[in-house]
Amino acid sequence: MARMKLDRWFIPLEIIEIILSKSSVKSLLRFKTVCKSWNILISDSVFIKNHLHQSKTSNLHQNLFLLRNSSKSSVSEELSLVRFEDPKFQTVQLLKTPLGLDIVLSHCDGVLLLTDSSYRQFGLWNPSTRTQTTFRVPRKFGGCSKSYGLYHDPITGDFNVFVICTNYYRVFSCKNNAWTLKHEFAEDRYSCEPEVFVDGVFYWVKRTRHITIYYYEITYFDPRDDKLKTLPEPENTDGTGSIYLVELKGRLCMYCNVGRNNDHTKVRFWMKEKGPENNHWEEFITVENILIELRDPTRRRFVVYNPGEKIVKDVEDSVFKQIEESMHFGLRLLPFIDSLF
Amino acid sequence: MAAETGTPTTLTLKSNDDELFSVAESAAILSVTIRNMVEDGCAGGVIPLDNVDGKTLASVITYMNGISAIPADEEKKKSYRDKFLSDKDFETLADMVLAANYLNMSCLMDAVSAKIAQVMEKKSVGWVRRKFGIENDYTPEEEAAVKEEHKWTFEGVETDDDN
């Protein structure tokens, strides 16, 4: 009995690890000061991965987004952290982006890829830890860059920046602080915006014309074997006209108009299985009776925009909700992920 | 499932301070530790739980009964868990996390550890050391250096008036 009283507050480190994996990044950085073993634990790469997993799956951050602040002028070095509280977005905090890098190109595991209007200076910035690293594009690469993607390699732990250009593809490794030219494309790609970057792979829609009819094909560059490949579309799409790609919940999503006479009021979405090696599609949702212009693939929820009526709708688990428009939605809404990376 | 015999089986649990508790087997087997004992045929007599005191065990049994009375509705279970933990102080939560770990109850473990994390959210380093019984093993210089590196995370922290 006496022993129990003495040991009453002894919580073993494996339980402390479970508790801390559910704490916020701000608290964890402060708790590094508690003692050496907590500092070691919080800095450990396995712990950082577990914490990220908790952060992605918990309800706590489910409704937090980052939004480029556009209230004052067209150029702003601030991002707003906003919380979606049905049916409104509320600003929680303003975050100043580092070193005047005010354009968000891509994001992965809580880290944002930033640049400025020169597209020469780049930065990786984690708003949770408030840490950043910067790097530049060498002059010799020329200025034909088109699309950017940030990928966190789960095996090496390296953050890679992918840049795809009209006729080549290059990768920056943050670990090695070096650029590599990965591939030169023999043929000109025709890119239909937006190109989508998922799981370290760029997907785009290639359009070819045969007499008077256009044909659409999903093409991707697989960095694992440096080859251009065609991704088979879902079967029986019944689609008419163009197809479009977005990222949704970390997966590639394709949508097209399935209404008659191109009236754009009936749009169907498909989701591809996760990972570049799995090309299986499943039907996700069909949206009817609203004029759809897809604006914000938030990667967690799904915001569609009706330009005629100026309403934004949110799809989560196939349910439509109307959202009050309280800020400018022409800009991208990024999911906020609390991450120690 | 329980309709086979008509009368639900009741187990007797014994805390480490010798309190006895009766609980329906269907609720108690939320604990994998207890379920294993039942499956091994130890359920006939009294099940001794050497690492849980009576006060904590009473609370865990309240949770077992409450959560098993809710049908398979994750939303309702979640709101029950939130309400169940809402008025618990740190000491009670610490007892419960140790009990949930010993009893191998993953849903309670998840909920209690998330609640503890939430309680710690705005707490000072000193508060954490006291509550977890941790000795500061940094030299003053080392501590200052670690603190300096993450200075901004000390903004908005509650003042240290809790015992």
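Quick caveat: nothing in here was measured; it's all calculated off a predicted structure.

So, the sheet that holds strand β1 (residues 64–68) of chain A
Residue and element names in this part refer to chain A.
Here is step 1 of the chain: Pairing in this open sheet of four strands is antiparallel, and the strands run β3-β2-β1-β24 from one edge to the other. Whereas interior strands pair on both sides, the edge strands pair on one side only; in this sheet they are β3 (88–96) and β24 (333–335). Here the strands of the sheet are splayed against their neighbours by 35 degrees on average, with no regard to which way each runs.
Here is step 2 of the chain: Bridging between β1 and β24 involves three bridges; their strand directions are antiparallel. Paired with Phe65 across the two strands is Pro335, which belongs to β24.

Some points on the interface of chain A and chain B
Here is step 1 of the chain: At the junction of the two partners, chain A supplies 31 residues and chain B supplies 40 residues.
Here is step 2 of the chain: In total, chain A and chain B occlude about 3,200 Å² of area from one another, counting both sides; carbon and sulfur atoms represent 65% of this.
Here is step 3 of the chain: With a shortest N-O distance of 3.6 Å, Lys22(A) and Asp110(B) are connected by a salt bridge.
Here is step 4 of the chain: At the surface where chain A touches chain B, the tally comes to twelve residue pairs in polar contact (both at pLDDT 80 or more).
Here is step 5 of the chain: The set of elements that each furnish at least two residues to the side of chain A that touches chain B consists of α2 (13–20), α3 (25–31) and α4 (36–43) of chain A.
Here is step 6 of the chain: Residue composition of the side of chain A that touches chain B, grouped by class: 16 nonpolar, eight polar and seven charged.

A short note on the domain arrangement of chain B
All names here are of chain B.
Here is step 1 of the chain: Considered domain by domain, chain B is made up of domain 1 (2–120) and domain 2 (125–154).
Here is step 2 of the chain: Taken together, the contact between domain 1 and domain 2 spans five residues of the former and four residues of the latter.
Here is step 3 of the chain: Counting each side, the surface lost to burial between domain 1 and domain 2 is near 380 Å², with a carbon and sulfur contribution of 81%.
Here is step 4 of the chain: Of all residues in domain 1, the largest losses of buried area upon contact with domain 2 belong to Phe90, Glu91 and Met120, amounting jointly to 90% of the total for that side.
Here is step 5 of the chain: In this structure, the salt-bridge partner of Glu91 is Lys131, at a minimum N-O distance of 2.8 Å.
Here is step 6 of the chain: At the surface where domain 1 touches domain 2, the tally comes to one residue pair in polar contact (both at pLDDT 80 or more).
Here is step 7 of the chain: Where the side of domain 1 that touches domain 2 is concerned, the elements lending two or more residues are α5 (90–103) and α6 (106–120).
Here is step 8 of the chain: Counting residues per element, the side of domain 1 that touches domain 2 draws most heavily on α6, at three residues.
Here is step 9 of the chain: Partitioning the side of domain 1 that touches domain 2 into residue classes produces four nonpolar, no polar and one charged.

Things to note about unusual backbone geometry
Most peptide bonds take the trans form, and the phi angle of most residues other than glycine is negative.
Here is step 1 of the chain: A positive phi is found at Asp109(A), a non-glycine position, where the angle reads about 50 degrees.
Here is step 2 of the chain: When you line up the elements, Asp109(A) lands in the loop between β4 (103–108) and β5 (111–115).

So, the packing of helix α3 (residues 54–68) of chain B against α5(B)
Helix-helix packing: each pair is described by the crossing angle between the helix axes and the interaxial distance.
Residues and elements named next belong to chain B.
Here is step 1 of the chain: One can describe the packing of α3 onto α5 by two numbers: an axis separation of 10 Å at closest approach and a directional angle of 70 degrees. By the criterion of interaxial angle, the relationship of α3 to α5 is roughly perpendicular. Judged by residue contacts, Lys55, Thr56, Ser59 and Val60 of α3 engage Thr92, Asp95, Met96, Ala99 and Leu103 from α5.
Here is step 2 of the chain: Classifying every residue of the contact of α3 with α5 gives four nonpolar, three polar and two charged.

Observations concerning the packing of aromatic side chains
Here is step 1 of the chain: Summed over all chains, the structure comprises 20 aromatic pairs over all chains.
Here is step 2 of the chain: Centroid distance Phe197(A) to Phe202(A): 4.7 Å. Interplanar angle 55 degrees. Geometry classified as tilted. Pair check on accessibility: Phe197(A) and Phe202(A) agree, each one buried.
Here is step 3 of the chain: When the centroid spacing of 6.2 Å and the interplanar angle of 35 degrees are considered together, the rings of Tyr63(B) and Tyr80(B) count as tilted. You can see Tyr63(B) sitting in helix α3 and its partner Tyr80(B) sitting in helix α4 (residues 74–86), a full 17 residues away along the chain.
Here is step 4 of the chain: According to the relative accessible area criterion, Tyr63(B) is buried, its value standing at 0%.
Here is step 5 of the chain: Counting every residue linked through ring pairs, the aromatic cluster contains Tyr119(A), Phe122(A), Phe135(A), Tyr148(A), Phe172(A) and Trp179(A).
Here is step 6 of the chain: It is Arg170(A) that lies over the ring of Trp179(A); its NZ or CZ is 5.4 Å from the centre.

As for the nonpolar core
What tends to happen in soluble globular proteins is that the nonpolar side chains get buried as a cluster.
Here is step 1 of the chain: The biggest cluster of nonpolar side chains holds 58 residues, and the ones touching the most others in it are Leu20(A), Trp38(A), Leu13(B), Ile34(B), Ile116(B), Met120(B) and Phe132(B).
Here is step 2 of the chain: With eight residues, α5(B) is the single largest residue contributor to this core.
Here is step 3 of the chain: Apart from the residues lying within four places of it in its own chain, the contact partners of Trp38(A) are Leu13(A), Ile16(A), Leu20(A), Phe31(A), Met120(B), Val128(B), Phe132(B) and Ile134(B).
Here is step 4 of the chain: Listed in part, the 18 residues of the second largest apolar core include Phe135(A), Val137(A), Val161(A) and Tyr168(A).

How each quantity is defined
- Position labels on residues start from 1 in each chain and follow its written sequence.
- Here chains are named by letter from A upward and ligands by number from 1 upward, in the order in which they appear as written.
- The predicted origin of the model limits local features to residues at a pLDDT of at least 70 and limits the giving and counting of side-chain atom pairs to 80 or more, whereas totals for whole chains, interfaces and linings rest on all residues.
- The side-chain values count all of the structure's non-hydrogen atoms but skip hydrogen atoms and water molecules.
- Strands pair, by our definition, only if DSSP identifies at least two bridges between them.
- Segments assigned H or I by DSSP are reported as helices when at least four residues long, segments assigned E as strands when at least two residues long, and all are numbered from the N terminus.
- Between N-to-C directions, angles span 0 to 180 degrees; the directions come from axes that are lines fitted to C-alpha atoms, helices contributing only their stretch in contact.
- Every residue pair with non-hydrogen atoms within 4.5 Å of one another is taken to be in contact.
- A 1.4 Å probe defines the accessible area here, and the buried area is the portion of it lost by two parts on being joined, summed over both.
- Here, a salt bridge means any side-chain nitrogen of Lys or Arg that lies within 4 Å of a carboxyl oxygen of Asp or Glu.
- Any N or O atom pair separated by 3.5 Å or less is treated as a polar contact, with the protein-specific requirement of one donor-capable and one acceptor-capable atom, and with residues adjacent in sequence counted only for side-chain atom pairs.
- The residue classification treats Ala, Val, Leu, Ile, Met, Phe, Trp, Tyr, Cys and Pro as nonpolar and Asp, Glu, Lys and Arg as charged. All others, Gly included, are polar.
- Residue ranges assigned to the domains are those given by an automatic or database domain assignment.
- To sort the angles, those under 35 degrees are grouped as roughly parallel, those over 145 as roughly antiparallel, those from 65 to 115 as roughly perpendicular, and the leftovers as oblique.
- Aromatic rings from Phe, Tyr and Trp, with only the six-membered ring used for Trp, were paired whenever their centres fell within 6.5 Å, and each pair was classed as stacked if the ring planes differed by under 30 degrees, edge-to-face if by over 60, and tilted otherwise.
- For each residue, the accessible area found with a 1.4 Å probe, counting protein chains only, is set against the maximum for its type, and the residue is called buried under 20%, exposed over 50%, and partly exposed in between.
- Remark: a charge is flagged as sitting over a ring if the NZ atom of Lys or the CZ atom of Arg is within 6 Å of the ring centre and within 35 degrees of the ring normal.
- By nonpolar core is meant a set of buried Ala, Val, Leu, Ile, Met, Phe, Trp, Tyr and Cys residues that side-chain atoms within 4.5 Å join together.

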